[in-house]
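Structural characterization, general
The primary structure of each chain is shown beneath.
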Amino acid sequence: MARQSGNPKGPSQRQLSVGEIVRHALTQVLGRGEILDPLLERSVVTVTEVRMSPDLKLATAYVTVLGQTDTAPFIKALNHHAKFLRGRLTPALRGMKYMPEVRFREDDSFDNYARIDALLRSPEVRRDTGVDAPEDDKDGQD
């Protein structure tokens, strides 16, 4: 489970709302294809979440790349163009006192969800929990 820095209760409502605004603005900039990078021009980058630091000066953007298992080169390219992207975010974030520095990280939450789903579907867990096998689920569909 991810630890939130600062407040043990988790992110504040302000952090969540600013993070969503930054995510939306990043998605628009990436969707317009303004970054002149051969690797990024031919890929579909999705910003799944943006976590803001408590002082709202640092934005950590979690991204996935459609159809790619190795996202390291894409993350490296995005971090290389972070200052350019920060400048392109300015119109969408005019109301902020400071323009946040953007860092990009790989979003591995989908991998975690798939791993947990596979564990829950395993015969050992089904036996221990008493849940019927998937073949029994077809009876309700007839």
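Residues numbered from 1 in each chain as written. Predicted model: local features only at pLDDT ≥ 70, side-chain atom pairs only at ≥ 80, totals over all residues. Heavy atoms only, no water.

**As for the packing of helix H1 (residues 13-32) against helix H4 (residues 82-89)**
Two elements in contact, H1 and H4, have axes separated by 10 Å at closest approach and are oriented at 110°. When the interaxial angle is binned, H1 and H4 end up roughly perpendicular. Between H1 and H4, the contacting residues are Val22, Ala25, Leu26, Val29 and Leu30 on the first element and Leu85, Arg88 and Leu89 on the second. By residue class, the composition of the contact of H1 with H4 is seven nonpolar, no polar and one charged. (Axes fitted to C-alpha atoms, helices over the stretch in contact; angles between N-to-C directions. Helix = DSSP H or I, 4+ residues; strand = E, 2+ residues; numbered from the N terminus. Parallel < 35°, antiparallel > 145°, perpendicular 65-115°, else oblique. Contact = heavy atoms within 4.5 Å. Nonpolar A, V, L, I, M, F, W, Y, C, P; charged D, E, K, R; others polar.)

**Considering the packing of aromatic side chains**
Per the stated rule, a full pass over the model turns up zero aromatic pairs. The ring of Tyr98 is capped by Lys57, whose NZ or CZ atom sits 4.2 Å from the centre of that ring. (Phe/Tyr/Trp six-rings, centres within 6.5 Å; stacked < 30°, edge-to-face > 60°. Lys NZ or Arg CZ within 6 Å of the ring centre and 35° of its normal.)

**Structural notes on the environment of Thr71**
Among the structural elements, Thr71 can be located in the loop between strand S2 (58-65) and helix H3 (72-80). Separated by 35 residues in sequence, Thr71 and Glu106 place their C-alpha atoms 6.9 Å apart. Those residues within four positions of Thr71 in sequence are excluded, and the remaining contacts are Val65 and Glu106.

**Let's talk about the sheet that holds strand S3 (residues 101-106)**
Pairing in this open sheet of three strands is mixed, and the strands run S1-S2-S3 from one edge to the other. At either end of the open sheet lies a strand with only one pairing partner, and these are strand S1 (45-52) and S3. On average, adjacent strands in this sheet sit at an angle of 30° to one another, irrespective of strand direction. Each of S1, S2 and S3 is contacted by H1, which is oriented at about 155° to S1, the strand it contacts most. (Pairing = 2+ DSSP bridges.)

**Considering the pattern of salt bridges**
Per the counting criterion, the structure on display carries five salt bridges. Between Arg23 and Glu20 there is a salt bridge whose closest N-O contact spans 2.6 Å. Of the two residues, Arg23 and Glu20 both sit in helix H1, three residues apart, roughly one turn of that helix. Here Arg88 ties to Glu34 by a salt bridge, and the two come within 3.0 Å at their closest N and O atoms. Pair noted here: Arg88 is in helix H4 and Glu34 is in the loop between H1 and helix H2 (38-41), with a separation of 54 residues, a long-range link. Among the ionic contacts, a cluster of salt bridges with common partners joins Arg32, Glu34 and Arg88. (Salt bridge = Lys/Arg side-chain N within 4 Å of Asp/Glu carboxyl O.)

**What to know about the nonpolar core**
Core analysis: the largest hydrophobic core is formed by 30 residues, its most contacted members being Val22, Leu26, Val50, Leu78, Leu85, Leu89 and Phe104. Counting residues per element, the ones that place at least two in this core are H1, H2, S1, S2, H3, H4 and S3. Looking at this core, the element that brings in the most residues is H1, giving six residues. Not counting residues up to four positions away in its chain, the partners in contact with Val22 are Val50, Met52, Ala59, Leu89, Leu93 and Pro100. (Core = buried A, V, L, I, M, F, W, Y, C linked by side-chain atoms within 4.5 Å. Buried < 20%, exposed > 50% of the residue type's maximum accessible area, 1.4 Å probe, protein only.)

**Let's talk about H1**
If you check H1, its first and last C-alpha atoms are 29 Å apart, about what 20 residues at 1.5 Å a residue would give, namely 28 Å. Buried-residue contacts for H1 involve S1, S2, H3, H4 and S3. (Expected span 1.5 Å × (residues − 1).)

**Here's the deal with H3**
Among all positions of H3, only Phe74, Ile75, Ala77 and Leu78 are buried. Mapping the buried residues of H3 onto a view down its axis gives an arc of 160°, with all of them on the same face. Of the residues in H3, the exposed ones pointing more than 90 degrees away from the buried face are Lys76 and His80. Each element contacted by the buried residues of H3 is listed here: H1, H2, S1, S2, H4 and S3. (Arc of directions from axis to C-beta.)

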